[in-house]
Amino acid sequence: MNLAPMASAQLNTAAKAAGKVYFGTAVDNGDLSDSTYKTILAGGDFGQVTAANSMKWDATEPSRGTFTFTQGDAIASVASANGQVLRGHNCVWHNQLPSWVSNGGFSASTLQSIITTHCSTILTVISEIFNEDGSFRTSVFYNTLNSSFVTTALQAAKSADPNTKLYINDYNIEYTGAKATAVQNLVKALKSAGTPIDGVGVQSHFSVGGVPSSYQSVLSAFTSLGVEVAITELDIAMTLPSTAALLTQQGNDYKTVIAACTAVPKCIGVTVWDYTDKYSWIPSASPGKGAACPWDANYNKKPAYQGILNGFGASSSSTTSSSTTTSSGSTTSSSSSSGSGSGTVAHYGQCGVCVSPYTCQDLNAYYSQCL
């Protein structure tokens, strides 16, 4: 195993030089058993980590009032040892809920109290609350409390920690249209009512060649409302097998995304949804697609790495090509996704109402989304 190129790690340095707070990655607990993964994670490319699954509701409050942070603490400890910012995860999401929440049949006042308790303990993000047509997604929270659950969650988190930053996070809001407009209108309404809201998380799960031309303008539209934005779950997948042409285009696409954030002063940072294809959620969620990350499954840097540097306006790097190898040669991808934990999981149907040009696609037995 050759790790000498880690001395040339540059992504977080380039992000900060461009005026951003961080460049980061999602991390799952299983990743940390991989020594090569941990070495690169600590090598300087990443100034921030997000726990991929271990801070979601099913992991943190599996039974009412009983909180467990063992897995979350493991990731927090690694971040602390590496001097990395730890970005919080959702406190309200329609997926990965324990059955006591989703099937509890609670009254409005009881569910409001449950949200208050959970969010005052977990903090920071409300995730994926809109359908593609801009209507609120059906969930136990909306069905019981209508849209007031958003205010309840934000107020609870802010009361618990006045210094925390509170985000609304969603996918497909990178495109102009009903869903992005709905998020903008929600931010306006929250701010008008004096409800704390600090930012919008833009997930940015793209396909090669599919970065929307509206990307920068949408980021700017959010920040014009007086909030910051962050790119929270970036990956750019391709139809397999990968080719030199696809990898080159992917590098250009990463550059486009990063350059858009660089050009928007209140875009504070970028998180890739894991940095290596070895642990990407894409192959399990969308069979036949993958190779979405800046490092391949053998920890070789791809043209996407240089694309990120270029997007931040950094000088050309000599470490863009394959630079790190492992003895295993494994190309097996993790079965986890940004919407799944380990073991048996529920079907995460994320479609709700899809509008043109999107259609609901069952990506596998566990996951569907408007694509």
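Residues numbered from 1 in each chain as written. Predicted model: local features only at pLDDT ≥ 70, side-chain atom pairs only at ≥ 80, totals over all residues. Heavy atoms only, no water.

Going by the annotation in an unreviewed UniProt entry, the name recorded for the protein is Glycoside hydrolase family 10 protein, with Auriscalpium vulgare given as the source organism.

S.K.: Would you explain the overall build of the protein in this entry?
M.R.: Broken down by element type, the protein carries 13 helices and 14 strands. Here the protein holds 371 residues, and 56% of them are scored as buried. Here the contacts in the protein between residues at least 6 apart in sequence split such that 74% fall between residues at least 24 apart. Carbon together with sulfur atoms contributes 50% to the accessible area of the protein, which is approximately 13,800 Å² in total. (Helix = DSSP H or I, 4+ residues; strand = E, 2+ residues; numbered from the N terminus. Buried < 20%, exposed > 50% of the residue type's maximum accessible area, 1.4 Å probe, protein only. Contact = heavy atoms within 4.5 Å. Areas by Shrake-Rupley, 256 points an atom, 1.4 Å probe, with all protein chains shown as cover.)

S.K.: Which parts of the structure should I look at to understand helix 9 (residues 178–192)?
M.R.: One full turn of an α-helix is made of 3.6 residues, so residues set three or four places apart face in the same direction. Its 15 residues place the ends of helix 9 21 Å apart at the C-alpha level, agreeing with the 21 Å of an ideal helix rising 1.5 Å per residue. Turning to helix 9, its buried residues are K179, A180, A182, V183, Q184, L186, V187 and L190. Packed against the buried residues of helix 9 are helix 8 (148–160), strand 6 (167–170), strand 7 (199–202) and helix 10 (215–223). Positive backbone phi, approximately 80°, marks G194, located one or two places after helix 9. (Expected span 1.5 Å × (residues − 1).)

S.K.: Please clarify how the pairing of strand 7 should be interpreted in this entry.
M.R.: Burial of strand 7 is two-sided: the residues G199 and G201 facing one way and the residues V200 and V202 facing the other way are all buried. A crossover connection joins strand 6 to the parallel strand 7 through helix 9; in handedness this β-α-β unit is right-handed. Across four bridges, strand 7 lies against strand 9 (residues 228–239) in parallel orientation. Looking across to strand 9, one finds that G201 is bridged to A230. (Right-handed = clockwise from strand over helix to strand, strands pointing away. Pairing = 2+ DSSP bridges.)

S.K.: Can you walk me through empty space enclosed by the protein in this structure?
M.R.: Taking a probe equal in size to a water molecule and rolling it over the atoms shows the remaining empty space. Here the structure, examined in full by the defined rule, presents four cavities of 30 Å³ or more. Size it by volume and the largest cavity reaches roughly 120 Å³. In terms of lining residues, the largest cavity is bounded by 13 residues, among which R87, G88, H89, N169 and T232 are the most central. For the lining of the largest cavity, the secondary structure elements donating two or more residues are strand 5 (125–127), strand 6 and strand 9. Of the residues belonging to the lining of the largest cavity, the class tally is three nonpolar, eight polar and two charged. (1 Å grid on protein atoms, 1.4 Å probe; cavity = no way out; pocket = protein on both sides within 12 Å on 5 of 7 lines; lining within 4 Å. Points joined across faces, edges and corners; volume = space filled by probe spheres on them. Nonpolar A, V, L, I, M, F, W, Y, C, P; charged D, E, K, R; others polar.)

S.K.: What's the story with the layout of surface pockets in this structure? I'm lost.
M.R.: Taken as a whole, the second largest pocket encloses approximately 490 Å³ of empty space. L86, R87, G88, T124 and T164 are the residues nearest the centre of the second largest pocket, which is lined by 23 residues in total. The set of elements that each furnish at least two residues to the lining of the second largest pocket consists of helix 4 (70–82), strand 3 (85–87) and helix 6 (108–122). Considering each element in turn, the lining of the second largest pocket owes the most residues, three residues, to strand 3. Along the lines of polarity and charge, the residues of the lining of the second largest pocket split into 11 nonpolar, eight polar and four charged.

S.K.: Please clarify how the side chain of Q96 should be interpreted in this entry.
M.R.: Relative to the assigned elements, Q96 resides in the loop between strand 4 (90–92) and helix 5 (99–102). In this structure the side chain of Q96 is engaged in a polar contact, spanning 3.4 Å, whose partner is the side chain of K56. (Polar contact = N/O pair within 3.5 Å; in protein donor to acceptor, adjacent residues only side chain to side chain.)

S.K.: Explain the pairing of strand 6 to me, please; I cannot follow it from the model alone.
M.R.: Neither face of strand 6 is open: one carries Y167 and N169, the other I168 and D170, and all of them are buried. Pairing of strand 5 with strand 6 involves three bridges; the strand directions are parallel. When the bridges of strand 6 are listed, S127 appears paired with N169. Here four bridges tie strand 6 to strand 7, and the two strands are oriented parallel to one another. Bridge assignment links Y167 to a residue of strand 7, and that residue is G199.

S.K.: Sorry if this is basic, but what is going on with the nonpolar core here?
M.R.: Looking at soluble globular proteins, one finds that nonpolar side chains tend to be buried together. Core analysis: the largest hydrophobic core is formed by 87 residues, its most contacted members being F23, F141, F149, V150 and L234. Sequence-distant contacts of F23, that is, excluding residues within four places in its chain, are made with L11, N12, A15, D45, F46, G47, Q48, I258, V270, V272, I308 and F312. Counting residues in each nonpolar core, the second largest holds eight residues, with W273, W281, I282 and A285 among its members. (Core = buried A, V, L, I, M, F, W, Y, C linked by side-chain atoms within 4.5 Å.)

S.K.: Whenever I open this one, the side chain of R137 confuses me. Can you help?
M.R.: Within the fold, R137 resides in the loop between strand 5 and helix 7 (140–145). One buried charged residue, R137, forms no salt bridge at all, with the nearest opposite charge on E128 at 4.6 Å. Here E128 takes part through its backbone oxygen, which lies 2.9 Å from a polar atom of the side chain of R137. (Lys, Arg positive; Asp, Glu negative; His and termini not counted. Salt bridge = Lys/Arg side-chain N within 4 Å of Asp/Glu carboxyl O.)

S.K.: Which parts of the structure should I look at to understand the state of the cysteines?
M.R.: As used here, a disulfide is simply a covalent bond connecting the sulfur atoms of two cysteines. Applying the stated criterion to the full structure yields two disulfides. Disulfide pairing places C91 opposite C119 at an S-S distance of 2.5 Å. In this structure the cystine formed by C91 and C119 twists about its S-S bond by roughly 90°; its chirality is therefore right-handed. With C91 in strand 4 and C119 in helix 6, this residue pair connects regions lying 28 residues apart in the sequence. In this structure C91 comes out as buried when scored by relative accessible area, which is 2%. Accessibility expressed as a relative area gives 0% for C119, which makes it buried. At a sulfur-sulfur separation of 2.1 Å, the disulfide partner of C261 is C267. Handedness here is read from the sign of the S-S torsion; for C261 and C267, about -100°, the answer is left-handed. Each member of the pair, C261 as well as C267, is classed as buried. (Disulfide = S-S within 2.5 Å.)

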